[in-house]
Amino acid sequence: MTDDEALAALSALAHPTRLATFRTLVRHEPDGLSTGQLVEALELTQSTFSTHLAVLAKAGLVRAEKRGRNVIQRAEVGALKGLMVFLVKDCCQGRAELCEPLVAELTCC
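What you are looking at is a predicted structure, and each value in this text was computed from that prediction instead of being measured.

Asks: What is the right way to read the layout of surface pockets from this model?
Replies: Vacant regions in the atomic arrangement are exposed by a probe of water-molecule size rolled over the atoms. Considered as a void within the structure, the largest pocket measures approximately 390 Å³ in volume. Around the largest pocket, the lining is made up of 16 residues, and of these Met84, Val85, Val88, Leu102 and Leu106 lie nearest the centre. Of all the secondary-structure elements, those providing two or more residues to the lining of the largest pocket are α5 (77-88) and α6 (100-107). Looking at the lining of the largest pocket element by element, the count peaks at 7 residues for α5. Here the residues of the lining of the largest pocket sort into 12 nonpolar, 1 polar and 3 charged. Volume-wise, the second largest pocket comes out at about 170 Å³. Those elements giving two or more residues to the lining of the second largest pocket turn out to be α1 (3-13), α2 (16-27) and α5. Here the lining of the second largest pocket gets 5 residues from one element, more than from any other, and that element is α2. Here the lining of the second largest pocket is built from residues that sort into 7 nonpolar, no polar and 2 charged.

Structure (structure tokens):
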């Protein structure tokens, strides 16, 4: 992941609605949710929500899949992994033991 890609992802997530959307989609992997289900779950209006989805999609964090008459929104888990690795890649200057609490937190649940 490049600096620009990381900044785009972080910028996209730096809004309460987009962060809530992404977190909701991650919880619903691998099936995803229809756009309508997301709007309902987050108690938003469709018109406002489409803009937020577009920002997340442009940052590579969300993708839409057509399934019959529904559009299913899915989190790009690979992009999340890439962002996390980017943020901690040089963590602790190669001293992995300093990052062990982070890894333990991720694997505990």
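Read on for the rest.
Asks: Sorry if this is basic, but what is going on with the sheet that holds strand β3 (residues 70-75) here?
Replies: In space, the 3 strands of this open sheet follow the order β1-β3-β2, with antiparallel pairing throughout. In this open sheet, the two strands that pair with only one neighbour each are β1 (33-34) and β2 (62-67). Judged from the 6 bridges that link them, β2 and β3 form a sheet pairing that is antiparallel. Bridged to Arg63 within β3 is Arg74. Each of β1, β2 and β3 is contacted by α2, which is oriented at about 95 degrees to β3, the strand it contacts most.

Asks: Got a minute to help me understand the pattern of salt bridges in this structure?
Replies: A side chain with one charge can pair with a side chain of the opposite charge if their charged atoms come near. Summed over all chains, the structure comprises 5 salt bridges. In this structure, Glu65 and Arg63 form a salt bridge, with 3.1 Å as the shortest nitrogen-oxygen distance. Overall, Glu65 belongs to the partly exposed group, its relative accessible area being 21%. A salt bridge links Arg63 to Glu76; the shortest N-O distance between them is 3.2 Å. On the criterion of sequence distance, the pair formed by Arg63 in strand β2 and Glu76 in the loop between β3 and α5 is long-range, its members being 13 residues apart.

Asks: Looking at this structure, I do not really get the packing of α1 against α5. What am I missing?
Replies: If you want to describe how two helices pack, look at the angle between their axes and the distance between the axes. Close contact between α1 and α5 brings their axes to 10 Å; oriented N to C, the two are set at 115 degrees. Relative to α5, the element α1 is oriented roughly perpendicular. Regarding α1 and α5, the two cross each other, and that crossing is left-handed. Together, Asp3, Ala6, Ala9, Leu10 and Leu13 of α1 and Leu83, Phe86 and Leu87 of α5 make up the contact between the two elements.

Asks: Please clarify how the packing of α1 against α2 should be interpreted in this entry.
Replies: Relative orientation of the contacting elements α1 and α2 amounts to 105 degrees, with a least axis distance of 7 Å. Taken together, the axis directions place α1 and α2 in an arrangement best described as roughly perpendicular. Residues Ser11, Ala12 and Leu13 of α1 form the contact with α2, whose participating residues are Arg18, Leu19 and Phe22. Classifying every residue of the contact of α1 with α2 by side-chain character gives 4 nonpolar, 1 polar and 1 charged.

Conventions and cut-offs
- Residues numbered from 1 in each chain as written.
- Predicted model: local features only at pLDDT ≥ 70, side-chain atom pairs only at ≥ 80, totals over all residues.
- Heavy atoms only, no water.
- 1 Å grid on protein atoms, 1.4 Å probe; cavity = no way out; pocket = protein on both sides within 12 Å on 5 of 7 lines; lining within 4 Å.
- Points joined across faces, edges and corners; volume = space filled by probe spheres on them.
- Helix = DSSP H or I, 4+ residues; strand = E, 2+ residues; numbered from the N terminus.
- Nonpolar A, V, L, I, M, F, W, Y, C, P; charged D, E, K, R; others polar.
- Pairing = 2+ DSSP bridges.
- Contact = heavy atoms within 4.5 Å.
- Axes fitted to C-alpha atoms, helices over the stretch in contact; angles between N-to-C directions.
- Salt bridge = Lys/Arg side-chain N within 4 Å of Asp/Glu carboxyl O.
- Buried < 20%, exposed > 50% of the residue type's maximum accessible area, 1.4 Å probe, protein only.
- Parallel < 35°, antiparallel > 145°, perpendicular 65-115°, else oblique.
- Left-handed = near helix turned anticlockwise from the far one by under 90°.

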